[in-house]
Every structure is written in structure tokens, then in C-alpha cells.
Amino acid sequence: MRVHKKRLDILTDVAAFNKQKKTIGFVPTMGALHKGHLALIERALEENQKVIVSIFVNPTQFNTSEDLVNYPRTLDEDIKLLSVLSEEIIVFAPTPKEVYGDEMLSIKYDFKGLEHEMEGKFRPGHFDGVGTVLKHFFNIITPNKAYFGEKDFQQLQIVKKLVEIEKMSVQIIGCPIYREESGLALSSRNKRLNQRQLDISPLIYSTLKQVKKKFGTKSVSYLNKWVSDQFKNNSELQLEYFEIAKVSDLKSIKRKQKDTKYRAFIAVFAGEIRLIDNIALN
């Protein structure tokens, strides 16, 4: 397995793959790898002749310097994990300078309103940072396919829009949410949860499952209040938002319409650790 930290080295590999007409699958990560990441990488290995995994904690997508500092960084463990999975994986683990050069700035994107919903309301500029770093990576790696988990469903929709805006030929593949046995969506941030928080956090997914169950017979306003009540007196988990939105534009709804796909989205704080999840409703 090769690990590159320099842009020039990964460009050399990519040029060779392109010359050999090898298909390239790309899985962008911020490290602290878990089974959810490995599921994406396994799918990429099945569908492509070469697979590149980036491990890069992207500074431009964090809203607080504290969150950036506290984000888990486990490069050595990540590389060991990947080498067990497949010796064929190429890892790109650059410094910010290798990705951005001397100016670490975000491009200001118009994602047709997708960036203003849910996460966008609470993390201004976050999706500009995501779009910018992915533009850099897509230009360096020129993948045929790139793989993203549906846990970050809003991000997945934004990445599809980014590819459209930048007129890139990469195919964006969304993959199902990978969960703990308890139902908690796997996230690198889960490593920061203490035992008490781990014990109570499955409430997030069980709440979403109940919403899905009730969605056919209950109104949106009823469901909004019901979810709020589930967290109201919980000292361990603080609800930041719950929204039912159209899949097409991610706009929050007040009433259901026929022949429209909906998803429920939630963000919850366990202490200082922010957890997000979502579920398809119909």
C-alpha cells in the first residue's frame, strides 16, 4: 500500500493510472476511520480498478477553531486499518499547504439554496469549505467515481450540485448509513463520546424510526412537537434541530404533498459533541 503526502506523488500515480486506462474510485475522508468508511472503500474496491483514499482534516469546513483542534487525528491507526483491508489502496494524506497552496480560502458557491437549509443555518460557510476542498481533490485525483455516506445526506446533495456547477465528469455514489448495533450512526466524532453519552445516543435513531412509522398518519407539526418532547427533559442530549424536508431541494415542509419524497433530519448535542442523522420517510 502506498501513502503519499505530496501532491506531486499522487499526481504521478494518477497520470500512470490514466495512461493505463484504469478506473479510479475515490473516497474522501477526514480520518479517524470506522466501519462506515470501510464500507465505502470496499464498494469502491469492487467497482474500480484503483482506489484512492484521502485522509485530510479540512480546515475550511470547520465553524469553530475548537472543533478543528479537537477533531480526532489517527493517521497511523488509519493506515494500518486500510492495509488490512487491501494492499491495493493508495492513501493521500496531504498537509493544508499541499492542497490549498499559500492561500487557504474557500470558494463562495451558489448551490441553489441547498447550502442554506439545516446544516447551512447552523454552520455558515461550512459547505463552501466542503465544495472547495472537493474541487481541489477532484482536480488532483480525477476519479471516475467518488463515494459518500448518506449520514451526511445534505452534503451528498451538495457534492452532486458541485459536480454540476464545475462541469466535472466524476460520478457521485451515495452509500447507506452504517450504524452501531445500537442504531447510532457511525461517525468519527463518536470516539469522543463518554460511556453515558454512548448509552443514551441511540435515542436519536429510535426517534427517527418512530417518525418514519408515524409519518403516514400524523401531521408535520405533530411530528415536530413530538420529537421536541422526546429531548425536552433529557439532560444528556440537547436537540439542535429536527426538520422534515423534501429530498429534491431539502426545504423544510409544513405540509405533506402527494408524489413527493421526504426525509427527516436531526442534529443533537451530546455535551459538546454534535451528532447528526437522517432517515428516508417514504
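Structural data are supplied above this passage.
Reading the values: the criteria
Residues numbered from 1 in each chain as written. Predicted model: local features only at pLDDT ≥ 70, side-chain atom pairs only at ≥ 80, totals over all residues. Heavy atoms only, no water. Helix = DSSP H or I, 4+ residues; strand = E, 2+ residues; numbered from the N terminus. Contact = heavy atoms within 4.5 Å. Polar contact = N/O pair within 3.5 Å; in protein donor to acceptor, adjacent residues only side chain to side chain. Salt bridge = Lys/Arg side-chain N within 4 Å of Asp/Glu carboxyl O. Buried < 20%, exposed > 50% of the residue type's maximum accessible area, 1.4 Å probe, protein only. Phe/Tyr/Trp six-rings, centres within 6.5 Å; stacked < 30°, edge-to-face > 60°. Axes fitted to C-alpha atoms, helices over the stretch in contact; angles between N-to-C directions. Parallel < 35°, antiparallel > 145°, perpendicular 65-115°, else oblique. Nonpolar A, V, L, I, M, F, W, Y, C, P; charged D, E, K, R; others polar.

**Student:** Teacher, can you tell me more about the environment of Asp110 here?
**Tutor:** In this structure, Asp110 sits in the loop between helix H5 (96–100) and helix H6 (119–122). As a C-alpha pair, Asp110 and Thr142 span 32 residues in sequence and 23 Å in three-dimensional space. Not counting chain neighbours up to four residues away, the residues in contact with Asp110 comprise Glu115 and Ile165. At 2.9 Å, the side chain of Asp110 and the backbone nitrogen of Lys112 are in polar contact.

**Student:** I keep staring at the pattern of salt bridges and nothing clicks. Help me out?
**Tutor:** Opposite charge on two side chains makes pairing possible when the charged atoms of those side chains draw close. All chains considered together, the criterion is met by 24 salt bridges. A salt bridge links Arg43 to Glu47; its shortest N-O distance comes to 2.8 Å. With Arg43 and Glu47 both in helix H2 (residues 35–47), this residue pair falls four residues apart, about one helical turn. Using a relative accessible area of 29% as the deciding quantity, one classes Glu47 as partly exposed. A salt bridge links Lys251 to Glu117; the shortest N-O distance between them is 3.4 Å. Placement of Lys251 in the loop between strand E7 (237–246) and strand E8 (262–270) and of Glu117 in the loop between H5 and H6 is noted, with a sequence separation of 134 residues between them. Shared partners join several salt bridges into a network, and the residues in it are Glu119, Arg123, Glu240 and Arg274.

**Student:** Explain the packing of aromatic side chains to me, please; I cannot follow it from the model alone.
**Tutor:** Two measures describe an aromatic ring pair: the distance that separates the ring centres and the angle between the ring planes. For the coordinates displayed, the defined rule picks out ten aromatic pairs. Aromatic side chains Phe56 and Tyr100 sit 6.5 Å apart centroid to centroid with 40° between the ring planes, which places their arrangement in the tilted category. With a gap of 44 residues between them, Phe56 in the loop between strand E3 (50–55) and helix H3 (65–70) and Tyr100 in helix H5 connect regions that are remote in the sequence. Of the two residues, Phe56 and Tyr100, both sit in the buried class. Ring centres of Phe62 and Tyr71 lie 5.6 Å apart, and the angle between their planes is 75°; on these two criteria the pair is classed as edge-to-face.

**Student:** Explanation requested: the packing of helix H1 (residues 7–19) against helix H7 (residues 126–141) in the structure shown.
**Tutor:** Two packed helices can be described by the angle between their axes and the distance between those axes. Direction vectors running N to C along H1 and H7 enclose 50°, while the axes themselves pass 9 Å from each other. The orientation of H1 with respect to H7, classified from their angle, is oblique. Where H1 approaches H7, its residues Arg7, Ile10, Leu11 and Val14 are matched on the opposing element by His136, Ile140 and Ile141. Counted by class, the contact of H1 with H7 contains five nonpolar, one polar and one charged residues.

**Student:** Hey, could you run me through the environment of Arg274 in this one?
**Tutor:** Its location among the elements puts Arg274 in strand E9 (residues 273–280). The sequence separation of Arg274 and Arg189 amounts to 85 residues, and the corresponding C-alpha distance is 7.7 Å. Excluding its chain neighbours within four sequence positions, the residues that come into contact with Arg274 are Glu119, Phe122, Arg123, Arg189, Glu240, Tyr241, Ala267, Val268 and Phe269. A polar atom in the side chain of Arg274 sits 2.7 Å from the side chain of Glu119. Polar side-chain contacts of Arg274 include one of 2.7 Å to the side chain of Glu240.

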